[in-house]
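So you can see what is in the structure, the chains are spelled out below.
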2 protein chains.
Amino acid sequence: MELRETKLSREEKFNGRVLHVHVDTVALPDGGTSTREIVDHPGGVGILALDEAGQVLVVRQFRYAYGQVLTEIPAGKLERGEDPYAAALRELQEETGAQADALTSLGEIYPSPGYCNEIIRLYLARDLRWGEMHLDEDEFLAVDRVPFDQLCAQALSGQLRDAKTCVAVLRAKALLGL
Amino acid sequence: MELRETKLSREEKFNGRVLHVHVDTVALPDGGTSTREIVDHPGGVGILALDEAGQVLVVRQFRYAYGQVLTEIPAGKLERGEDPYAAALRELQEETGAQADALTSLGEIYPSPGYCNEIIRLYLARDLRWGEMHLDEDEFLAVDRVPFDQLCAQALSGQLRDAKTCVAVLRAKALLGL
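Being a predicted model, the structure only gives us computed values, none of them experimental. (Residues numbered from 1 in each chain as written. Chains lettered and ligands numbered in written order. Predicted model: local features only at pLDDT ≥ 70, side-chain atom pairs only at ≥ 80, totals over all residues.)

Chemist: Even after reading the chapter, I still don't get the interface of chain A and chain B, so can you show me in this structure?
Modeler: Listed by partner, the interface residues are 55 residues for chain A and 55 residues for chain B. Those elements that provide at least two residues to the side of chain A that touches chain B are strand S1 (6-15), strand S2 (20-27), strand S3 (33-40), strand S5 (55-63), strand S6 (68-72), strand S9 (103-109), helix H2 (148-157) and helix H3 (163-176) of chain A. Here the side of chain A that touches chain B is composed, by residue class, of 33 nonpolar, 9 polar and 13 charged. (Contact = placed C-beta atoms within 7 Å. Helix = DSSP H or I, 4+ residues; strand = E, 2+ residues; numbered from the N terminus. Nonpolar A, V, L, I, M, F, W, Y, C, P; charged D, E, K, R; others polar.)

Chemist: I keep staring at the nonpolar core and nothing clicks. Help me out?
Modeler: Considering soluble globular proteins, one finds that nonpolar side chains tend to be buried as a cluster. Core analysis: the largest hydrophobic core is formed by 83 residues, its most contacted members being Leu48, Ala49 and Val167 of chain A together with Leu48 and Val167 of chain B. Leave out the neighbours within four places in its chain, and Val167 of chain B touches Ala163, Cys166 and Val167 of chain A together with Ile109 and Leu122 of chain B. Formed by 19 residues, the second largest nonpolar core is a distinct cluster that contains Tyr115 of chain A together with Leu19, Val21 and Ile38 of chain B. (Core = buried A, V, L, I, M, F, W, Y, C linked by C-beta atoms within 7 Å. Buried ≥ 20, exposed ≤ 12 C-beta atoms within 10 Å, placed from the backbone.)

Chemist: Is there a simple way to explain the sheet that holds S3 of chain A in this structure?
Modeler: All names here are of chain A. Spatially, the 3 strands line up as an open sheet ordered S1-S2-S3, and their pairing is antiparallel. Either end of the sheet is taken by a strand with one partner, and the two such strands are S1 and S3. Between one strand axis and the next, the sheet turns through 20° on average, direction left out of account. As paired strands, S2 and S3 are joined by 8 bridges and run antiparallel to one another. Within S3, the residue paired with Val23 across the bridge is Glu37. (Pairing = 2+ DSSP bridges. Axes fitted to C-alpha atoms, helices over the stretch in contact; angles between N-to-C directions.)

Chemist: Help me out: how do you make sense of the environment of Leu175 of chain A in this one?
Modeler: Residues and elements named next belong to chain A. Relative to the helices and strands, Leu175 resides in helix H3. By C-beta crowding, Leu175 is classed as partly exposed, having 16 other C-beta atoms within 10 Å. For the pair formed by Leu175 and Leu135, sequence separation is 40 residues and the distance between their alpha carbons is 30 Å.

Shown next as structure tokens:
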């Protein structure tokens, strides 16, 4: 079965500080037409940083969209033209103060394929050194450390709800054989 | 540390067929102000349906945002006022023709907490019966069956990229002790 949809035209609908939305009219596989509303995203990174004591660095951050403080791995958006690997090292240091010499890929995830083109690259960081945090002007978060096995249990039970954090923790568990 | 942000005002920015975007001006924890751009979402469901032979029902669907066919568990948005459990039974049947008498919760995930308020409820379906598919008018997909252990390996290796599918598969693996 042919599933591909082809762009016929595009309209930009919203250009915000962070979000950008466009609507494409597309040709469907059966010859009909429809519209696809897409949130444009530059791509992001998430870093599972594991310290010498087997603890994971997590950030507790008020997520306005949900009106609650969530537990997540350090993460952020790519800056214009930025390499994902470099962005991961940058975000890790900015949000937690931790520096790593090398990262191991934990693959990619697509958070919301129905309406957003965001790709999140996940990384594992070990052998951490300590520098200074540099948060964005409107970014407020608390850094905490959680034992790796406790975070795994929370990812599996549903207590941990952030998708990138769940996937990074469970991929790292398999990779490290923990 | 107080992390909460408080809404000062709201502007609706885009009201599409599927996407809705608003921008709130918020008071920050330090007394400053900023804006939060949010994609409004009614919430969604994803269903990991496991048949008697240990195979998972997956849908192969062209995802316009990525320009590629993705492998995902059956999923969809809540209709207005719809109960998530009922929506999961509905979406499973609409997309695959499978019917289930009972679902087991696999918890929730938040796909993009930085800019979207979507909550995806995940369920496990077993003891499947077979009815007819009823796809939306602009929905084209192919249903396939993949051995559960193969899907787990793909979720862990990164070959599987859809976030809800990765989390559902790995939570089901732990729940079922497979």
